[in-house]
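# Descriptive structure summary
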Amino acid sequence: MNKLRVARIIIAAVFFVAALGTLINIFPSDSIAQYALELQFTPAVMGILTGSFALILILLAITLIFGRVYCSFICPLGIFQDIIHNLSGRILKKTNKDIVKKNSGYKKPHNILRYSILAFILISLAIGLTLPLSLLDPYSIMGKISNNVIVNLNNALNNLFSLIAPETFYYQEYVKWSIYSFIYSFLALVGIVSVASIKGRLYCNSICPVGTFLGMIGECSLFKIVINKEMCVKCSQCSKNCKSNCIDLEKKEIDYNRCVVCFNCITSCKRGGVKYVPFWKKGDNDKKESNTGRRN
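Residues numbered from 1 in each chain as written. Predicted model: local features only at pLDDT ≥ 70, side-chain atom pairs only at ≥ 80, totals over all residues. Heavy atoms only, no water.

### Overview of the overall build of the chain
Each helix and strand counted, the chain has 16 helices and four strands in total. The C-alpha atoms of the chain give a radius of gyration of 21 Å, which matches the 19 Å a tight globule of 296 residues would have. C-alpha atoms of the chain, sized along the principal axes, occupy 75 × 50 × 35 Å. In the chain, once contacts between residues fewer than 6 apart in sequence are set aside, the share between residues at least 24 apart is 71%. As displayed, the chain offers around 16200 Å² of accessible surface, 67% of which is attributable to carbon and sulfur atoms. (Helix = DSSP H or I, 4+ residues; strand = E, 2+ residues; numbered from the N terminus. Rg over C-alpha atoms; globule rule 2.2 N^0.38 Å. Contact = heavy atoms within 4.5 Å. Areas by Shrake-Rupley, 256 points an atom, 1.4 Å probe, with all protein chains shown as cover.)

Okay, here's the thing in structure tokens:
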């Protein structure tokens, strides 16, 4: 397995455990795990209102240098989708390969939808409305699922067991919630799981305003995943394993706006024709690999 992909998985696992653990109160709010939430994009943006620019500048700098790594390394909802997609993919490959085949490979971007949502969110924020952002922002969605669904269901199970074995389980107070918040959060969870199971990162690259915004910046990143067009034999392995459906094999190009830099394509290319390089070495990499391929 490629070292970059291993690093991505490890970092993503740490952030996911820290963020989810803090959201569902496993880790105390003053623990080091809290930093996993402070590095989320929307809280960083909201920090500007209190005069704190450091975190948003860090996230923007990371995106400008490495691409949309936030979505694969830091965002808990994005990482959650990867987990669901990976598990469902293993099941579907054994039970229904046609679904996997139909939904893998390059898909055209839904740019009108993406940019319309982003524009709507920005206009809403400009006039002081935060509700649209809270309904579509990945951090907010993950927070609602954690608090309104996971925590309350855990409390319900615990309190049920407290009736059966009161000497072992103690009654826990329920988190304050409304039926409307629970319904929205539950439907969001079902929707995210359903879409991620079949379509991978469709939410991230068609609806998520954070993903759309970071994608615009990621197109200008210093480091990019590139395909050596001379070495590529269109085996389609990179495209099949791309969770963002952003590798166009016909053109042998990657849509950097949607690429979440997961490094799956690098690992899946057996010829070593997919590399993660700084943009100024892109041409050198093509020539080097092309010459190597001819000698072999």
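### Some thoughts on the pattern of salt bridges
Following the criterion strictly, the structure yields five salt bridges and no others. The shortest N-O distance in the salt bridge between Asp82 and Lys243 comes to 3.1 Å. Placement of the pair is Asp82 in helix α6 (residues 76-95) and Lys243 in the loop between α14 (237-240) and β2 (247-248), with a sequence separation of 161 residues. In terms of burial, Asp82 and Lys243 fall into one category: buried. (Salt bridge = Lys/Arg side-chain N within 4 Å of Asp/Glu carboxyl O. Buried < 20%, exposed > 50% of the residue type's maximum accessible area, 1.4 Å probe, protein only.)

### Looking at the layout of surface pockets
In this approach a probe as big as a water molecule rolls over the atoms, and the regions it shows empty are the leftover space. Roughly 1000 Å³ of internal volume is contained in the largest pocket. With ten residues, the single largest contributor to the lining of the largest pocket is α6. Class assignment for the residues of the lining of the largest pocket results in 13 nonpolar, 13 polar and ten charged. Considering only enclosed or pocket space, the second largest pocket measures out at about 240 Å³ in volume. Residue lining of the second largest pocket: Phe41, Thr42, Val45, Met46, Leu118, Ile121, Leu122, Leu125, Leu133, Pro209, Val210 and Phe213, and that is the complete set. Elements supplying a minimum of two residues to the lining of the second largest pocket: α3 (41-46), α8 (111-126) and α13 (209-218). Classifying every residue of the lining of the second largest pocket gives eleven nonpolar, one polar and no charged. (1 Å grid on protein atoms, 1.4 Å probe; cavity = no way out; pocket = protein on both sides within 12 Å on 5 of 7 lines; lining within 4 Å. Points joined across faces, edges and corners; volume = space filled by probe spheres on them. Nonpolar A, V, L, I, M, F, W, Y, C, P; charged D, E, K, R; others polar.)

### Concerning the packing of aromatic side chains
Counted according to the given criterion, the structure contains seven aromatic pairs. Ring centres 5.8 Å apart and planes at 50° place the aromatic pair Phe41 and Phe213 in the tilted group. Taken as a pair, Phe41 in helix α3 and Phe213 in helix α13 lie far apart in primary sequence, 172 residues in all. According to the relative accessible area criterion, Phe41 is buried, its value standing at 8%. (Phe/Tyr/Trp six-rings, centres within 6.5 Å; stacked < 30°, edge-to-face > 60°.)

### Side note on a nonpolar patch on the surface
Taken together, the side chains of Leu64, Ile65, Phe66, Leu222, Phe279 and Trp280 present a nonpolar region at the surface, about 550 Å² in accessible area. Of note, Leu222 is situated in the loop between α13 and β1 (223-227). Judged by its relative accessible area of 32%, Leu222 falls in the partly exposed class. (Patch = residues over 30% accessible without salt bridge, like charges linked within 9 Å, V, L, I, M, F, W, Y side chains within 5 Å.)

### Details of empty space enclosed by the protein
Within this structure, the stated rule accounts for three cavities of 30 Å³ or more. Forming the walls of the largest cavity are 14 residues, and the residues nearest its centre are Cys242, Cys246, Cys259, Cys262 and Cys265.

### Some thoughts on the confidence of the model for the chain
When the pLDDT values of the chain are averaged, the result is 87; 91% of them are 70 or greater. Of all helices and strands in the chain, the one with the weakest mean pLDDT is helix α16 (residues 282-295) (53), whereas helix α5 (residues 69-74) scores best (96). Counting interchain partners and residues more than four positions distant, the pLDDT-below-50 stretch residues 292-296 has one contact. (pLDDT = per-residue confidence, 0-100.)

### Digging into the packing of helix α4 (residues 54-66) against α13
Interhelical geometry of α4 versus α13 gives an angle of 50° and a closest axis separation of 8 Å. Between α4 and α13, the angle is such that the two are oblique. Packed against α4, whose contacting residues are Leu60, Thr63 and Leu64, the element α13 presents Phe213, Leu214, Ile217 and Gly218 at the interface. The residue inventory of the contact of α4 with α13, partitioned by class, reads five nonpolar, two polar and no charged. (Axes fitted to C-alpha atoms, helices over the stretch in contact; angles between N-to-C directions. Parallel < 35°, antiparallel > 145°, perpendicular 65-115°, else oblique.)

### Section: the packing of α6 against helix α11 (residues 179-199)
Taken N-terminus to C-terminus, the directions of α6 and α11 make an angle of 55°; their axes are 7 Å apart at the nearest point. By the angle class used here, α6 and α11 are oblique. Crossing handedness for the pair α6 and α11: right-handed. Contact with α6, carried on its side by Leu77, Phe80, Gln81, Ile84, His85, Ser88 and Leu92, involves Leu189, Ile192, Val193, Ala196, Ser197 and Ile198 of α11 and no other residues of that element. The residue makeup of the contact of α6 with α11, split by class, is nine nonpolar, four polar and no charged. (Left-handed = near helix turned anticlockwise from the far one by under 90°.)

### A few points about the pairing of β1
Most of β1 sits out of view: four of its five residues are buried. Note that β1 and strand β4 (residues 274-278) share five bridges and pair antiparallel. Across the sheet, residue Phe223 finds its bridge partner in β4, namely Pro278. (Pairing = 2+ DSSP bridges.)

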